[in-house]
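# Breakdown of the fold
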Amino acid sequence: MAWAKPKPQTSLHPADQHAGRQIAIVRVQSDISQAQLARSIGISFQQLQKYENARNRVGASMLYEIAT
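Read on for a plain summary of the structure. Keep in mind that this is a model prediction, so the values were computed, not measured. (Residues numbered from 1 in each chain as written. Predicted model: local features only at pLDDT ≥ 70, side-chain atom pairs only at ≥ 80, totals over all residues. Heavy atoms only, no water.)

Time to look at unusual backbone geometry. With a phi close to 55 degrees, D31 is a non-glycine residue in the positive phi region. By the element assignment, D31 lies in the loop between α1 (14–29) and α2 (34–41). One non-glycine residue, A54, lies in the positive phi region at around 60 degrees. Note on placement: A54 falls in the loop between α3 (45–52) and α4 (60–67). (Helix = DSSP H or I, 4+ residues; strand = E, 2+ residues; numbered from the N terminus.)

Nonpolar side chains tend to gather and get buried jointly when the protein is soluble and globular. I23, L37, A38, I41, I43, L48, Y51, V58, M62 and I66 together form the largest nonpolar core, which totals 10 residues. In terms of residue count, the dominant contributor to this core is α2 (three residues). (Core = buried A, V, L, I, M, F, W, Y, C linked by side-chain atoms within 4.5 Å. Buried < 20%, exposed > 50% of the residue type's maximum accessible area, 1.4 Å probe, protein only.)

Let us look at the pattern of salt bridges. Any two side chains of opposite charge can pair, so long as their charged atoms come close to each other. All chains considered together, the criterion is met by two salt bridges. As a salt-bridge pair, D16 and R57 come within 2.9 Å of each other at their nearest N and O atoms. Of this pair, D16 sits in helix α1 while R57 is found in the loop between α3 and α4, placing the two residues 41 residues apart along the sequence. Assessed through its relative accessible area of 55%, R57 is described here as exposed. (Salt bridge = Lys/Arg side-chain N within 4 Å of Asp/Glu carboxyl O.)

Within α3, the full set of buried residues consists of L48, Y51 and E52. Looking down the long axis of α3, one finds its buried residues gathered within 95 degrees of arc, a one-sided arrangement. Phi turns positive one or two residues past the end of α3, at A54, with a value near 60 degrees. (Arc of directions from axis to C-beta.)

Further remarks concern the packing of α1 against α3. For any two helices packed against each other, one specifies the inter-axial angle together with the distance between the axes. Put simply, α1 and α3 touch, their axes get as near as 7 Å, and they point 120 degrees apart. As the angle between them shows, α1 and α3 are arranged oblique. On α3, the residues touching G20, R21, I23, A24 and R27 of α1 are L48, Y51 and E52. (Axes fitted to C-alpha atoms, helices over the stretch in contact; angles between N-to-C directions. Parallel < 35°, antiparallel > 145°, perpendicular 65-115°, else oblique. Contact = heavy atoms within 4.5 Å.)

Set out below in structure tokens:
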């Protein structure tokens, strides 16, 4: 029996979009670059971009790290 490939997610979930938008807003208001924030929480700036653009979901523990 062959397994079907999962379909790629074409639409972004509104909750992921909201979380990413809020991360970006607070980061800009705090005058912190993507590179600075990413370095301080131990991820690449590309990963932070994916969070902010809702391409990747942000886990609760990562939200905590970003918030602190």
